[in-house]
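So the chains spell out like this:
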Number of protein chains: 2
Amino acid sequence: MKGKATSFDIAHLAGVSQSTVSRALRGSPLVSEETRRRIQSAADTLNYKVDKNASNLRRQHTGTLALLLFEDPTADDSHINPFFLSMLGSITRASAQRGYDLLISFQQFSRDWHADFTGSQKADGLILLGYGDYQSHRDKLEKLVAQGTRFVRWGAVLPGQPGVSIGCDNFAGGRLATQHLIEQGCRRIAFLGDATPHYPEFHERYRGYAAALREAGLRVDEVLQADAETTERAGYEAAELLLERGAEFDAVFGASDLIAIGALRALSERGLSVPGDVALAGFDDIPMASFINPSLTTVRQDTGKAGEVLVEQLVRQIGGEGAESAMLPAQLKVRRSSLRPEPEPAFRKMLRNQ
Amino acid sequence: MKGKATSFDIAHLAGVSQSTVSRALRGSPLVSEETRRRIQSAADTLNYKVDKNASNLRRQHTGTLALLLFEDPTADDSHINPFFLSMLGSITRASAQRGYDLLISFQQFSRDWHADFTGSQKADGLILLGYGDYQSHRDKLEKLVAQGTRFVRWGAVLPGQPGVSIGCDNFAGGRLATQHLIEQGCRRIAFLGDATPHYPEFHERYRGYAAALREAGLRVDEVLQADAETTERAGYEAAELLLERGAEFDAVFGASDLIAIGALRALSERGLSVPGDVALAGFDDIPMASFINPSLTTVRQDTGKAGEVLVEQLVRQIGGEGAESAMLPAQLKVRRSSLRPEPEPAFRKMLRNQ
DNA sequence: CTGAAAGCGCTTACAG
DNA sequence: CTGAAAGCGCTTACAG
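Model, not experiment: these values are computed from the prediction. (Residues numbered from 1 in each chain as written. Chains lettered and ligands numbered in written order. Predicted model: local features only at pLDDT ≥ 70, side-chain atom pairs only at ≥ 80, totals over all residues. Heavy atoms only, no water.)

Structural notes on the pairing of strand 5 (residues 164–168) of chain A
Residue and element names in this part refer to chain A.
Logical step 1: Across the five residues of strand 5, five count as buried, placing the element largely inside the fold.
Logical step 2: Side-chain alternation along strand 5 places Val 164, Ile 166 and Cys 168 on one buried face and Ser 165 and Gly 167 on a second face that is also buried.
Logical step 3: As judged from the three bridges shared by strand 4 (residues 151–154) and strand 5, these two strands associate in the parallel manner. When the sheet's bridge partners are listed, Val 152 is paired in strand 5 with Val 164.
Logical step 4: In this sheet, strand 11 (residues 326–328) lies alongside strand 5 in parallel orientation, the contact comprising three bridges. (Buried < 20%, exposed > 50% of the residue type's maximum accessible area, 1.4 Å probe, protein only. Helix = DSSP H or I, 4+ residues; strand = E, 2+ residues; numbered from the N terminus. Pairing = 2+ DSSP bridges.)

Next comes the structure, spelled out in structure tokens:
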């Protein structure tokens, strides 16, 4: 790489001062059209690009957003949760649309993340993404607020939380899914996923589940709940636990699609058919949900919209405008995994008709 | 945000010069242990972080890698190809492991990407990722080389290509999949995907396909090939085209999993069963491949390994070491979609045994 | 509309 | 081992 062209080189070539080059290239109205054109063409021939480091240093900003992706360290580390992958895609798009670069960082190990990015001027603001134990994050969030760091986080939207949170209406989503299972005739509906306030999104889904049960005059039975983080394996194990417990159930509501898919595998291995013996629903609507067999009934979180809102609210903060937490609607997607009674298999019908 | 602490503040607090602060914090051996400790604790109490912009400006480097993701503008723009999403995950991890930040950028629209990142000192090197028309990229790659830009690209590894390419052995993969279909008794195997050198990865897969056919004494029939880019929709349409043409085939090899999955839908809609009537294979092994029904036989590209190698070779270039193109092995994953003859359905057996 | 000059916060020869 | 000083390449008051 031979010496990169600087604004002085352009100035020299165009026969103006370096200040004028800078102004022209930044689109200042203080430069005459003709001068601007001359400078522009000089810049083009020298293949000049403004040095971001210098520009940012001087302007004290960065033009980039940092996406911090928290993954539960216990998760299988080869795969990122597909839901977050979708979010990542939409956040990337939304950032680009608003002229920001996006820096991505996984935060499984580092503990000092709360200051790493904005403190070191790598990013103007932070997007926090990830399921995970909220309690252990909370004090860091408060520190972030105290420091004046601009950030938005994806998660449960509840009163009294530090900073700006964007999330979907987990309570309504949990309620919707459970109501649907009840309408399908299910009476013993299991909930797979952590149901404590440690994981507020799951907790809200659980609360929605419990509300739907009570509204239908059904009992919330603790035997029907088993903890699980968002992995297929955890879903598998939670379903196994239920089965070993001897719990009787005619439906399973997984707190996430990954959990539901894991449960599906456990049920199949025991010879239980879905939806024939057990109706099944998940949460997230990851791409896989519509492809598995049977296709998975789930609560859709609109990741496209989510990315837009996250970026929008963060950019507002950076611009000094007020930003607000927002709750996005949850939408029930009914697919085959919950549709009962299952149409009678053709061969059984034939046998009976003999 | 109250005035951020600078190295001068630390110097003042620790009672040393600013230069010493800088040295201590960068781990220079020129600083005594005791001084270093004093400086470190001052930095901690003031919550000091080195300003990356200033540091990078001075050191003339950035510590970040840019991942440019090219997507075919005709693709459904709401979804990123899951294969690239996997790559993105593994590249992110590999970069973090080597201490680089990763800047992500989608390049559907911008045309000036070849200089945007390294020229403006946003990144030390580029990772180019995306299927796409190679011919139209080629001159940009050459410009990149001419400029001395460090980059690696994911794609076909062929002689005479500009720069460093990492890719999987697409020829071997295509051949493997086709051989497997032939072993399953298929004789009329369709190929869905562009088969021209414009898309070198697909072309290599096609060449592997053709080689396997010839080796088995089978004819390569143009009627059995239909173009498709990497989307489910394109796969669906290509299969439709084949069907409308009245082409007779007993197997379909999709140049990517997405194409194969689209073809599966088209076949099902026509009442053709997979693998009963038509055996099916794809390429990539995206997560969905193992979840659809029937599960999809495919050629696995190891994205974890790919990300590591891409980052490794790029970092070597940045460090002034020589980097080399590399071809990663392709691995056949046999699943249900290609296993013929299909076990006889239970009810048919019953009927016959009456 | 344009130019000369200061300064963003570091890193690193240079001198001791 | 430490300090004083130059300079990375910009942006932006300040002066005209």
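Moving on from the model shown.
Topic: the protein's contact with DNA strand C
Logical step 1: DNA strand C sits among 28 residues. The nearest are A:Arg23, A:Thr35, B:Gln18, B:Ser22 and B:Arg58.
Logical step 2: Backbone atoms, meaning sugar and phosphate, make up 58% of the atoms of DNA strand C lying within 4 Å of the protein.
Logical step 3: B:Ser22 places a polar side-chain atom, nitrogen or oxygen, 2.3 Å from a phosphate oxygen of DNA strand C.
Logical step 4: Among the elements of the structure, helix 2 (18–25) and helix 4 (52–59) of chain A together with helix 2 (18–25) and helix 4 (52–59) of chain B are those that each provide at least two residues to the surface near DNA strand C.
Logical step 5: For the surface near DNA strand C, the residue count by class is nine nonpolar, 12 polar and seven charged. (Near = heavy atom within 4 Å. Polar contact = N/O pair within 3.5 Å; in protein donor to acceptor, adjacent residues only side chain to side chain. Nonpolar A, V, L, I, M, F, W, Y, C, P; charged D, E, K, R; others polar.)

Focus: helix 10 (residues 232–245) of chain B
Residue and element names in this part refer to chain B.
Logical step 1: The first and last C-alpha atoms of helix 10 sit 20 Å apart over 14 residues, in line with the 20 Å expected at 1.5 Å per residue.
Logical step 2: Residues of helix 10 that are buried: Ala 234, Gly 235, Tyr 236, Ala 238, Ala 239, Glu 240, Leu 242 and Leu 243.
Logical step 3: In this structure, the buried residues of helix 10 make contact with strand 6 (189–192), strand 7 (225–226) and helix 11 (257–269).
Logical step 4: Just past helix 10, the residue Gly 246 takes up positive phi, approximately 75°. (Expected span 1.5 Å × (residues − 1). Contact = heavy atoms within 4.5 Å.)

Looking at the sheet that holds strand 9 (residues 279–281) of chain B
Residue and element names in this part refer to chain B.
Logical step 1: What the four strands build is an open sheet, ordered 7-6-8-9; its pairing is parallel. Both edges of this open sheet fall to strand 7 and strand 9, since each of them pairs with a single strand only.
Logical step 2: Strands in contact with helix 9 (residues 200–215) are strand 6, strand 7 and strand 8 (251–254); relative to strand 6, the strand with the most contacts, it is inclined by about 170°. (Axes fitted to C-alpha atoms, helices over the stretch in contact; angles between N-to-C directions.)

Regarding the sheet that holds strand 3 (residues 125–129) of chain B
Logical step 1: Pairing in this open sheet of 12 strands is mixed, and the strands run 11(A)-5(A)-4(A)-3(A)-1(A)-2(A)-2(B)-1(B)-3(B)-4(B)-5(B)-11(B) from one edge to the other. Each end of this open sheet is capped by a strand with a single partner; those strands are strand 11 of chain A together with strand 11 (326–328) of chain B. Pairs of neighbouring strands in the sheet enclose a mean axial angle of 20°, with direction left out of account.
Logical step 2: Pairing analysis gives five bridges linking strand 1 (residues 64–69) of chain B to strand 3 of chain B, with the strands arranged parallel. Of the residues in strand 3 of chain B, the one forming a bridge with B:Leu68 is B:Leu128.
Logical step 3: Across the sheet, helix 7 (residues 134–147) of chain B lies against strand 3 and strand 4 (151–154) of chain B, angled at about 165° from strand 4 of chain B, the strand it touches most.

Brief notes about the pairing of strand 8 of chain B
Residue and element names in this part refer to chain B.
Logical step 1: The alternating pattern of strand 8 places Ala 251 and Phe 253 and Val 252 and Gly 254 on opposite faces, both of which are buried.
Logical step 2: Bridge analysis of strand 6 against strand 8 gives four bridges, and the strand direction is parallel. Its bridge partner being in strand 8, Ile 189 is matched across the sheet by Ala 251.
Logical step 3: As judged from the three bridges shared by strand 8 and strand 9, these two strands associate in the parallel manner. What sits directly across from Val 252, in strand 9, is Leu 280.

Focus: the protein's contact with DNA strand D
Logical step 1: Neighbouring residues of DNA strand D: 28 residues in total, closest A:Ser7, A:Gln18, A:Ser22, A:Arg58 and B:Thr35.
Logical step 2: The protein-proximal atoms of DNA strand D, defined as those within 4 Å of the protein, are 59% sugar or phosphate.
Logical step 3: In the environment of DNA strand D, a base nitrogen lies 3.1 Å from a nitrogen or oxygen atom belonging to the side chain of A:Arg23.
Logical step 4: Contact distances for DNA strand D include 3.2 Å between a phosphate oxygen and a side-chain N or O atom of B:Gln60.
Logical step 5: Elements represented by at least two residues in the surface near DNA strand D include exactly helix 2 and helix 4 of chain A together with helix 2 and helix 4 of chain B.
Logical step 6: Its residues assigned to classes, the surface near DNA strand D comprises eight nonpolar, 12 polar and eight charged.

Side note on helix 12 (residues 303–318) of chain B
An α-helical turn contains 3.6 residues, so any two residues separated by three or four positions project in the same direction.
Residues and elements named next belong to chain B.
Logical step 1: The first and last C-alpha atoms of helix 12 sit 22 Å apart over 16 residues, in line with the 22 Å expected at 1.5 Å per residue.
Logical step 2: On the buried face of helix 12, the contacting elements are strand 1, helix 5 (82–97), strand 3, strand 4, strand 5 (164–168) and strand 11.
Logical step 3: In this structure Asp 302 caps helix 12, since a side-chain oxygen of it lies 3.1 Å from the backbone nitrogen of Gly 304.
Logical step 4: Backbone geometry just after helix 12 places Gly 320 at a positive phi near 85°.

Topic: the packing of aromatic side chains
Logical step 1: All chains considered together, the criterion is met by 12 aromatic pairs over all chains.
Logical step 2: Note on B:Phe83 and B:Trp154: the rings are 6.3 Å apart at their centroids and 45° apart in plane angle, and the pair reads as tilted. Separated by 71 residues along the polypeptide, B:Phe83 in helix 5 and B:Trp154 in strand 4 bring together distant segments of the chain.
Logical step 3: Judged by relative accessible area, B:Trp154 falls into the buried class, the value being 3%.
Logical step 4: Through a chain of ring-to-ring contacts, three or more aromatic side chains come together here, namely A:Phe191, A:Tyr206, A:Tyr209 and A:Phe253. (Phe/Tyr/Trp six-rings, centres within 6.5 Å; stacked < 30°, edge-to-face > 60°.)

Looking at the side chain of B:Asp194
Residues and elements named next belong to chain B.
Logical step 1: In this fold, Asp 194 is placed in the loop between strand 6 and helix 9.
Logical step 2: There is no salt bridge for the buried Asp 194, and the closest opposite charge comes from Arg 205, which lies 12 Å off by N-O distance.
Logical step 3: In terms of polar contacts, Asp 194 uses its side chain to reach the side chain of Thr 196, at 2.6 Å.
Logical step 4: With sequence-adjacent residues up to four places away left out, Asp 194 is seen in contact with Tyr 199, Phe 202, His 203, Gln 225, Asp 227 and Ala 228. (Lys, Arg positive; Asp, Glu negative; His and termini not counted. Salt bridge = Lys/Arg side-chain N within 4 Å of Asp/Glu carboxyl O.)

Focus: the pattern of salt bridges
Logical step 1: One pass over the full model with this rule turns up 34 salt bridges over all chains.
Logical step 2: Put simply, B:Asp285 and B:Arg300 hold a salt bridge, and the shortest N to O gap is 3.0 Å. Note that B:Asp285 is positioned in the loop between strand 9 and strand 10 (298–300) and B:Arg300 in strand 10, a separation of 15 residues in sequence.
Logical step 3: Owing to a relative accessible area of 13%, B:Asp285 belongs among the buried residues under this scheme.
Logical step 4: Each of A:Glu33, A:Arg36 and A:Arg37 takes part in salt bridges that share partners, so that together they form one network.

What about the environment of A:Asp169?
Residues and elements named next belong to chain A.
Logical step 1: Within the element layout of this structure, Asp 169 appears in the loop between strand 5 and helix 8 (170–183).
Logical step 2: Measuring from C-alpha to C-alpha, the distance between Asp 169 and Gln 301 comes to 8.8 Å, with 132 residues separating the pair along the chain.
Logical step 3: Not counting chain neighbours up to four residues away, the residues in contact with Asp 169 comprise Met 327, Leu 328 and Ala 330.
Logical step 4: Within polar-contact distance, the side chain of Asp 169 engages the backbone nitrogen of Ala 172 at 3.0 Å.

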